[in-house]
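Summary of the model geometry
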Amino acid sequence: MINIRVKTVKLYHVVMKLKTPFETSFGKTIDRHCVLVEIVDEEGDVGWGEIPVDDVPYYHYETVETTLYIAKEFLIPKLLKTDIIEPEDFLNATSRIRGYVMAKAGFEMTLWDLLARKKRKPLYELIGGTKGRIVSGVSIGIIGNTELLLKSVSRFLNEGYRRIKIKIKPKWDIEPVKTIRKIFGNIPLQVDANAAYTLKNINVFKQLDRYNLLMIEQPLHYEDLAEHAELQSKIRTPICLDESIKSIYDAKAAIKLGSCKIINIKPARVGGLSESIAIHNHALEHNVPVWIGGMLETGIGRGFQVALATLPNIKYPNDISASNRYYEEDIVEPPWLLNSDGTIAVPKKPGIGVEVLVDKIEKYSRKIIEFKSHV
């Protein structure tokens, strides 16, 4: 049994510019903010994690500043006083703190990486994964220009990505789908609305039904499971819930209500690896397929996505792209690479399986805060 006693914690507010702006129905991202977590235990072993929060509360209410505050005032003091045998011990120690699931997830995943490194096991193996390669899709933001969209689809297909997902919003939905089908035929295609519609837009979804989509992701409000159930009963295309699934409780309710037929698990958004595994397992028991989504993570956060994507109920291509999809350079070595068959190899080294480049992290850091145990 391994007992982790944390000696130091460092938080890095990192800002990395995207190669091209990424637009969804709730805004455009150019500079990607996040908070990286480094934990060193008393034996000198190191774990890394990522909290993919932004500087504005548009996709999620947690931001860089709220994360740094909640970490400094509440999460890290608990962490420094808690003996960790399993990463869930940290979640139990902080259970009285409501919300801030992404902040908690960042620390919990860091502990998973640290534990896997201490056990000299790859993370995917430690959580019960079995696949040596995971299948990758790609997500294309709202471009608003059909010609540029088609060029992007063509480029990503040529690179080997096994599924195309396009972001949609009112007035940018039917036509781009229709055009992609006309030019590229019956490729694996899905759309993601990021909660941009209401049931008043039912005709949009009935029209989308004609195009043999893999799924329509998060069409309605992120807190409304009832209307998603109503919509799913009226269209053939499977609804996939993303922002609506914030925990195992949301997953159970959505499955019971019939609000979706597929679930997108984003480990940071649902509270970490332990909660992601719980959602995966519950969905498996109820024959609801899942896949792993992303939030423009750096190579550190991507390591946890890859590990989760090796679990048995991952039935669709994941939003886990190569490092060069978003960034000119990554902060891990080797960077995540896409194979010619549209897969990413699962690393066999301990932990997330890649080396973290601290010099690169410092290069992109706006703020670095260190906390030390006084025990």
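Higher on the page you've got the structure.
What you see is a predicted model; the values in this text were computed from it and never measured.

Right, let's talk about the overall build of the protein chain for a bit. Tallying secondary structure elements over the protein chain gives 13 helices and 15 strands in all. Taking 2.2 N^0.38 as the reference for a compact globule, 375 residues should give roughly 21 Å; the C-alpha atoms of the protein chain span a radius of gyration of 20 Å, in line with that estimate. Each principal axis of the C-alpha atoms in the protein chain carries an extent, and together these give about 65 × 40 × 35 Å. Taken over 375 residues, the protein chain has a buried fraction of 58%.

Along the chain, L68 falls in helix 1 (residues 64–81). Residue L68 is classed as buried on the basis of its relative accessible area of 8%. For the pair formed by L68 and L157, sequence separation is 89 residues and the distance between their alpha carbons is 39 Å. Dropping the residues within four chain positions of it, L68 is found in contact with L11, V35, K367 and I369.

A few words on the packing of aromatic side chains. Each aromatic ring pair is described using two quantities: the centre-to-centre distance and the angle formed by the ring planes. According to the stated counting rule, one finds seven aromatic pairs in the structure shown. Note on F90 and F107: the rings are 5.8 Å apart at their centroids and 40° apart in plane angle, and the pair reads as tilted. Of the two residues, F90 is situated in helix 2 (residues 88–93) and F107 in helix 3 (residues 101–118); the sequence distance between them amounts to 17 residues. Across the pair, exposure class does not vary: F90 and F107 are buried alike. The aromatic ring of F156 is capped on one face by R155, whose charged end is 4.4 Å from the ring centroid. Its guanidinium or amino end placed over the ring of W291, R163 lies 5.3 Å from that ring's centre, counting from NZ or CZ.

Here we have seven strands laid out as an open sheet, ordered 5-6-7-8-9-10-11, and parallel in their pairing. The open sheet has two free edges, formed respectively by strand 5 (138–140) and strand 11 (290–292), since each of these has just one partner strand. Here helix 5 (residues 146–159) sits on the sheet in contact with strand 5 and strand 6 (164–167), set at roughly 170° to strand 5.

In this structure, the largest pocket spans a volume of roughly 720 Å³. Looking at the largest pocket, it is lined by 26 residues, and the ones nearest its centre are V101, K246, S247, R269 and V270. Broken down by secondary-structure element, the contributors of at least two residues to the lining of the largest pocket are helix 2, helix 3, helix 9 (248–257) and helix 10 (267–270). Sort the elements by how many residues they give to the lining of the largest pocket and helix 2 lands first, with three residues. Residue composition of the lining of the largest pocket, by class: 12 nonpolar, seven polar and seven charged.

Bringing empty space enclosed by the protein into the picture now. Any space left empty among the atoms is revealed by the rolling of a water-sized probe across them. Applying the stated criterion across every chain, the model contains two cavities of 30 Å³ or more. If you add up the space inside the largest cavity, you get close to 50 Å³. Taken together, 13 residues line the largest cavity, and the ones lying closest to its centre are Y124, V346, P347, G351 and I352. Listed by contribution, the elements that provide at least two residues to the lining of the largest cavity are helix 4 (123–126) and helix 12 (299–308). Here the lining of the largest cavity gets three residues from one element, more than from any other, and that element is helix 12. Among the residues making up the lining of the largest cavity, the classes are represented as nine nonpolar, three polar and one charged. Along the walls of the second largest cavity sit E50, P52, M109, P267, A268, E297, G301 and F304, which together make up its complete lining.

Formed by 116 residues in total, the largest nonpolar core has its most connected members in V9, L11, F107, L208, I263 and I300. In terms of residue count, the dominant contributor to this core is helix 3 (10 residues). When sequence neighbours within four positions are dropped, the list of residues in contact with I300 reads L36, W48, G49, E50, I331, V332, I352, V356 and I361.

Let us look at the pairing of strand 10 (residues 262–265). Residues of strand 10 alternate between two faces, with I262 and N264 on one and I263 and I265 on the opposite face, all of them buried. Here strand 9 (residues 239–241) pairs with strand 10 via two bridges, running parallel. If you follow C240 over to strand 10, its bridge partner there is I262. Between the parallel elements strand 9 and strand 10, the chain passes through helix 9 in a crossover that is right-handed. Alignment of strand 10 against strand 11, held across three bridges, turns out to be parallel. Bridge assignment links I265 to a residue of strand 11, and that residue is I292.

Because each turn of an α-helix spans 3.6 residues, side chains separated by three or four positions end up pointing in the same direction. Its 13 residues give helix 11 (residues 273–285) an end-to-end C-alpha distance of 18 Å, which sits within 8% of 18 Å, the value for a rise of 1.5 Å per residue. For helix 11, the complete set of buried residues consists of L273, S274, S276, I277, I279, H280, H282 and A283. Remark: N287 follows helix 11 within two positions and exhibits a positive phi of approximately 60°.

Position of D209 relative to the elements: it lies in the loop between helix 7 (202–208) and strand 8 (216–217). Buried and unpaired, D209 has R236 as its nearest opposite-charge partner, separated by 4.3 Å. In contact with D209, other than residues within four places in its own chain, are I235, R236 and T237.

What counts, and at which threshold
Residues numbered from 1 in each chain as written. Predicted model: local features only at pLDDT ≥ 70, side-chain atom pairs only at ≥ 80, totals over all residues. Heavy atoms only, no water. Helix = DSSP H or I, 4+ residues; strand = E, 2+ residues; numbered from the N terminus. Rg over C-alpha atoms; globule rule 2.2 N^0.38 Å. Buried < 20%, exposed > 50% of the residue type's maximum accessible area, 1.4 Å probe, protein only. Contact = heavy atoms within 4.5 Å. Phe/Tyr/Trp six-rings, centres within 6.5 Å; stacked < 30°, edge-to-face > 60°. Lys NZ or Arg CZ within 6 Å of the ring centre and 35° of its normal. Pairing = 2+ DSSP bridges. Axes fitted to C-alpha atoms, helices over the stretch in contact; angles between N-to-C directions. 1 Å grid on protein atoms, 1.4 Å probe; cavity = no way out; pocket = protein on both sides within 12 Å on 5 of 7 lines; lining within 4 Å. Points joined across faces, edges and corners; volume = space filled by probe spheres on them. Nonpolar A, V, L, I, M, F, W, Y, C, P; charged D, E, K, R; others polar. Core = buried A, V, L, I, M, F, W, Y, C linked by side-chain atoms within 4.5 Å. Right-handed = clockwise from strand over helix to strand, strands pointing away. Expected span 1.5 Å × (residues − 1). Lys, Arg positive; Asp, Glu negative; His and termini not counted. Salt bridge = Lys/Arg side-chain N within 4 Å of Asp/Glu carboxyl O.

Read these as geometric descriptors, not functional statements.
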